[in-house]
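Summary of structural features
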Amino acid sequence: MKILIVGGNRFIGKGVAEKLSSEHSITVFNRSGNGPDLVNIIQGDRNNASDIEKINFNYFDLVIDFCLFKPEQFNLFKNYIPKSSKYIFISSASVYREDWGPYGKEKEDCEVLVQDYFDEYAILRPPYIDGENSHRPRAAQIIYQIENNKPVTISGDGEYLINIVWADDMINFISSLIDKDLNNLVMDLNSYENISMIDYIKIIASFLNKGMAIEEGEPSWAPALNLDVTNNEYSMYFDKIENKLSSFYNWYKEIGELKYGYREETI
């Protein structure tokens, strides 16, 4: 199968490209012109028509779009991509939540455009994504602060609900869809349970076998807003937090801490 990944330079997009490259022809399109080994690269900015013109959309069997954030981006894109293209859009669990502001509303508007345009699509709505190779300081920020006897900085009182799916599960789930009928499904992705931010920090502190302190303030990787997701048929694909921390911690110590820093001044 010939697959175009819009993004594919880091984290989930890169992980999907790496996983699929051993059995499929993978091309990534991104501004940096970077991608994993064994993939084809088209360097370009999706906001520029001249760069989109570099893509022969008729060549690809599937497009996976990690970098669609604004309606105007899609309105430009659809001038070049056929309606018959098989298309997977990575949206967000923040859609239809007024308190999430422009980010959620723009993702919501993009979903409507995708549904109105393509003949065959799937829309995935992940909540927070964490795990190995994350360039964002989520669990890593908490680990760093607890291990260094610093208060964990969070927005608000920490009682808001969040849901977290882990990178390897997300990569496996997206990869499992490529040879299936997409059936124009909208998928709310979530792990086995919602959890308060405070309880999430407690789980990490327990794993580290250390005490913890909390303070409100920046930096903080999650706003004081609920991002809870109703349990559904997709929940089985996403493992418990407790089962992910050991491998994540090993990655953090061996690679993440050095590569990304996760210090307060870098967050």
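The present account deals with the structure reproduced in this document.

One pass over the structure, following the stated rule, counts twelve salt bridges. Asp61 is the partner of Lys2 in a salt bridge, and the nearest nitrogen-oxygen pair spans 3.8 Å. Of this pair, Lys2 sits in strand E1 (residues 2-6) while Asp61 sits in the loop between helix H2 (49-52) and strand E4 (62-65), and the two are 59 residues apart along the sequence. For Lys2, a relative accessible area of 28% corresponds to the partly exposed category. A salt bridge links Asp188 to Arg125; the shortest N-O distance between them is 3.2 Å. You can see Asp188 sitting in strand E11 (residues 185-188) and its partner Arg125 sitting in strand E6 (residues 120-125), a full 63 residues away along the chain. Each of Glu111, Arg125 and Asp188 takes part in salt bridges that share partners, so that together they form one network.

Here we take up the layout of surface pockets. The computed volume of the largest pocket comes to approximately 1,100 Å³. In this structure, the largest pocket is lined by 39 residues; those nearest its centre are Phe66, Cys67, Phe69, His135 and Arg136. When residues in the lining of the largest pocket are grouped by element, the largest group, three residues, is from helix H1 (residues 11-20). Grouping the amino acids of the lining of the largest pocket by side-chain chemistry returns 19 nonpolar, 13 polar and seven charged. When its volume is computed, the second largest pocket comes out at roughly 310 Å³. Taken together, 20 residues make up the lining of the second largest pocket; nearest its centre are Phe11, Glu132, Asn133, Ala167 and Ile171.

A word on the environment of Asp199. Here Asp199 shows up in helix H7 (residues 197-208). Relative accessible area serves as the criterion here: at 36%, Asp199 is assigned to the partly exposed category. A sequence separation of 95 residues divides Asp199 from Gly104, and the C-alpha atoms of the two residues are 25 Å apart.

Further remarks concern the nonpolar core. In terms of nonpolar packing, the biggest core is built from 35 residues, with Ile162, Met197, Tyr200, Ile204 and Trp221 touching the most fellow members. Listed by contribution, the elements that provide at least two residues to this core are helix H5 (139-147), strand E8 (152-154), strand E10 (164-166), H7 and helix H8 (245-260). Of all the elements, H7 adds the most residues to this core, at eight residues. If we skip the residues at most four places from it in the chain, Ile204 touches Ala139, Ile142, Ile143, Ile146 and Leu245. Counting 31 residues, the second-largest nonpolar core is a separate cluster that includes Ile3, Ile5, Val165 and Leu189.

Rules behind the numbers
- Residues numbered from 1 in each chain as written.
- Predicted model: local features only at pLDDT ≥ 70, side-chain atom pairs only at ≥ 80, totals over all residues.
- Heavy atoms only, no water.
- Salt bridge = Lys/Arg side-chain N within 4 Å of Asp/Glu carboxyl O.
- Helix = DSSP H or I, 4+ residues; strand = E, 2+ residues; numbered from the N terminus.
- Buried < 20%, exposed > 50% of the residue type's maximum accessible area, 1.4 Å probe, protein only.
- 1 Å grid on protein atoms, 1.4 Å probe; cavity = no way out; pocket = protein on both sides within 12 Å on 5 of 7 lines; lining within 4 Å.
- Points joined across faces, edges and corners; volume = space filled by probe spheres on them.
- Nonpolar A, V, L, I, M, F, W, Y, C, P; charged D, E, K, R; others polar.
- Core = buried A, V, L, I, M, F, W, Y, C linked by side-chain atoms within 4.5 Å.
- Contact = heavy atoms within 4.5 Å.

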